[in-house]
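Residues per chain, in single letters:
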Amino acid sequence: MMYTKAATTPTPVTVIYLLDVSSSMHATMPNGKRRIDAVYDALDGTIQEMVSRSTKGMHIASRYRVAMLAYSTRVQDLLGGVVPIDVLIQDHQGLPTFPVDGGSTDTAAAFSAAERILQQELPQMGNCPAPLVVHMTDGMYNGDDPTPIAARIMQMGNEDGKVLIENIFISDGILKQPVTPEAVFQWAGVHPNDLHDGYAHTLLNISSPLPDSYATNLQAREYSIQAGVPMMLPAENEALVKLAFTMSGATDTP
Amino acid sequence: MYPTATPRQGERPAYRTIRLPQDTTVSPKRHRTPVADVLFTYQRSNDSQAHGMVGQDYLTYRYDAQRLVFAICDGVSQSFMGDLAAASLGDALRNWLWARSLLPFDPPLVAHVLGYRLQQWTNLATSMVEQTPIPEHLPRMLRRVLETKRREAGSQTMFVAGVVDRARASILICWVGDSKFQLVTRAACLSADTVFHTHERWSTNRGLIGIDLPHVAVFPLTHDSLLTVYTDGIERYEAQFQRALTATQLADMAHAMRDDPRNDDIALLQLRIPAPIPDP
């Protein structure tokens, strides 16, 4: 059995967010909201959910450790490393502002930064849940192909399993048959045949299968997503963005 | 000897009440009562001890010469201050079961009457939860999370409560959620078919969640019996609860749980109940 360890204070789960903040993130979604704002709200909700799942009485147990790397032409470490959830909300007062700027989309540099973090952190994660890298982007990379780096990351791991990679692709026209906001809770997850040709297939190939434990926790939140589907979210609307970030906080807890 | 006991003032007490405090670890202790030999313990989780927090389980019992009433509650940590619901409901269940000495041991009837009470108790409990201050010095996001939990979930708990009644030669047990009990005699495990569900709980805001009425069962007390009631913090050892534990064995189990990353608060009550002597 893999991916069965729970996130606890002595065995926290590490989640590394790679956030594309290139200027195209200013584009709006079907509901008129800017992509970057939808991402910020969804991630803020996920951090709140992590806090909620870590709270006992009025104390926060350090069940989650989080890193946030914003990238465009360069990679910016928004938290100064991997930060326990209690430190994130005490010292950083929650989610930092995203530095949206112009420039290119150096996805390979972001995955390289995640790889370096994992190389440093994994030796201390023996008994912890497998870490998760969450990559959010709204377009094709510039520069080097990130897939070889992502493939290397997917070969890293610990006792609980290989490092998981989730990709959140915010764009229009990704799916042949769109998933409406109303249908998100009935959606079973993405299948390769559902996707138009293009970058979505590249991201699909560097997305881990959804572990049983994650699917169970998502189903407890009334989603219908099934274990084994690729952790690739074609986020064509805000409801799918929310599902995508909810998935990133779905490690089992006691 | 016991953390909290409340005999009546001024005269020989008609009954005695034991309430284990939620802010203290209570090592396994034996206590001989007229109804049963009692073994109990209360252990806070590593997290609770490390941060000076109260545990979210609760254990209380009351006895006289003929009856012993007990309640064990497991506060839900994902709710708002589960320790509040656990303590308030534990006391309410103990008092209610004690006061209803004439209530027939009829499971459907008890389920309906108790179900009504569980809904009524939300009134008092809700105001208690609403009056619990959330300190200003807490981080903004934590305050927001706590306010949301208080508003949407309330304080929640699971429970097992019951009466051992020698005069009726019966044991009545009520429960909601996955706090468990095992009742065994030399001949059989009487509780073998009992089911426990994690999604069931009682909320100070909403009353019962995940079930319409509490589970109620009545068992005969015609043989020497062993009743063990416990929260999920020690269920890893439940296969061993079909025999009488020593305080040392229970202490070893509780100690071993401290090495488990998932360790949780523990409340356990084991009653060795001799069969009542039949009337001539």
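We now turn to the structure provided with this report. (Residues numbered from 1 in each chain as written. Chains lettered and ligands numbered in written order. Predicted model: local features only at pLDDT ≥ 70, side-chain atom pairs only at ≥ 80, totals over all residues. Heavy atoms only, no water.)

**Let's talk about the overall build of chain B**
For chain B, the count of helices and strands is 5 helices and 13 strands. Computed over C-alpha atoms, the radius of gyration of chain B comes to 18 Å, within 12% of the 19 Å expected from 2.2 N^0.38 for 280 residues, which places it in the range of a compact globule. Considering only C-alpha atoms, chain B reaches an extent of 70 × 45 × 40 Å along its principal axes. By residue count, 56% of the 280 residues in chain B fall in the buried class. Surface exposure of chain B reaches about 12,100 Å², of which carbon and sulfur atoms provide 51%. Here chain B contributes 30 positive and 29 negative side-chain charges, whose respective centroids are spaced 4 Å apart. (Helix = DSSP H or I, 4+ residues; strand = E, 2+ residues; numbered from the N terminus. Rg over C-alpha atoms; globule rule 2.2 N^0.38 Å. Buried < 20%, exposed > 50% of the residue type's maximum accessible area, 1.4 Å probe, protein only. Areas by Shrake-Rupley, 256 points an atom, 1.4 Å probe, with all protein chains shown as cover. Lys, Arg positive; Asp, Glu negative; His and termini not counted. Charge placed at Lys NZ, Arg CZ, Asp CG, Glu CD.)

**What about the interface of chain B and chain A?**
On the side of chain A, 28 residues touch chain B, which itself brings 27 residues to the contact. For the chain B and chain A pair, buried surface summed over both sides reaches about 2,200 Å², with 59% attributable to carbon and sulfur atoms. Together, M141(B), P261(B) and R262(B) form the three largest contributors to the area buried by chain B at its contact with chain A, with a combined 27%. Where K56(A) meets D264(B), a salt bridge forms, and the shortest distance between an N and an O atom there is 3.7 Å. Elements with a contribution of two residues or more to the side of chain B that touches chain A: helix 1 (46-50) and helix 4 (140-153) of chain B. (Contact = heavy atoms within 4.5 Å. Buried area = accessible area lost by both parts, 1.4 Å probe. Salt bridge = Lys/Arg side-chain N within 4 Å of Asp/Glu carboxyl O.)

**Section: the packing of aromatic side chains**
The relative placement of two aromatic rings is captured by the distance of their centres and the angle of their planes. By the definition in use, this model includes 13 aromatic pairs over all chains. Ring geometry for Y17(A) and F245(A): centres 6.1 Å apart, planes at 25°, overall stacked. On the criterion of sequence distance, the pair formed by Y17(A) in strand 1 (residues 13-20) and F245(A) in helix 7 (residues 238-248) is long-range, its members being 228 residues apart. Judged by its relative accessible area of 0%, F245(A) is buried. Among the aromatic residues, those joined into a ring-pair cluster are W175(B), F181(B), F196(B) and F219(B). The aromatic ring of W98(B) is capped on one face by R67(B), whose charged end is 4.0 Å from the ring centroid. In this structure, R168(B) is placed above the aromatic ring of F105(B), and the distance from its NZ or CZ to the ring centre is 4.0 Å. (Phe/Tyr/Trp six-rings, centres within 6.5 Å; stacked < 30°, edge-to-face > 60°. Lys NZ or Arg CZ within 6 Å of the ring centre and 35° of its normal.)

**Quick notes on the sheet that holds strand 2 (residues 26-32) of chain B**
Residues and elements named next belong to chain B. Strand order across the open sheet formed by 5 strands is 2-3-13-12-8, with antiparallel pairing between neighbours. For this open sheet the edge positions go to strand 2 and strand 8 (180-185), each flanked by a neighbour on one side alone. Looking at each pair of strands side by side, their axes are set apart by 10° on average, direction ignored. Against the sheet, helix 5 (residues 247-257) makes contact with strand 2, strand 3 (37-43) and strand 13 (266-273), and its axis sits at roughly 20° relative to strand 3, the strand it touches most. (Pairing = 2+ DSSP bridges. Axes fitted to C-alpha atoms, helices over the stretch in contact; angles between N-to-C directions.)

**Considering empty space enclosed by the protein**
All names here are of chain B. Under the defined criterion, the tally for this structure stands at 3 cavities of 30 Å³ or more. There is about 70 Å³ of room inside the largest cavity. As for the largest cavity, its lining consists of R67, L97, R100, S101, L103, F105, V110, V163, D165, R168 and L172. Looking at side-chain class alone, the lining of the largest cavity contains 6 nonpolar, 1 polar and 4 charged residues. (1 Å grid on protein atoms, 1.4 Å probe; cavity = no way out; pocket = protein on both sides within 12 Å on 5 of 7 lines; lining within 4 Å. Points joined across faces, edges and corners; volume = space filled by probe spheres on them. Nonpolar A, V, L, I, M, F, W, Y, C, P; charged D, E, K, R; others polar.)

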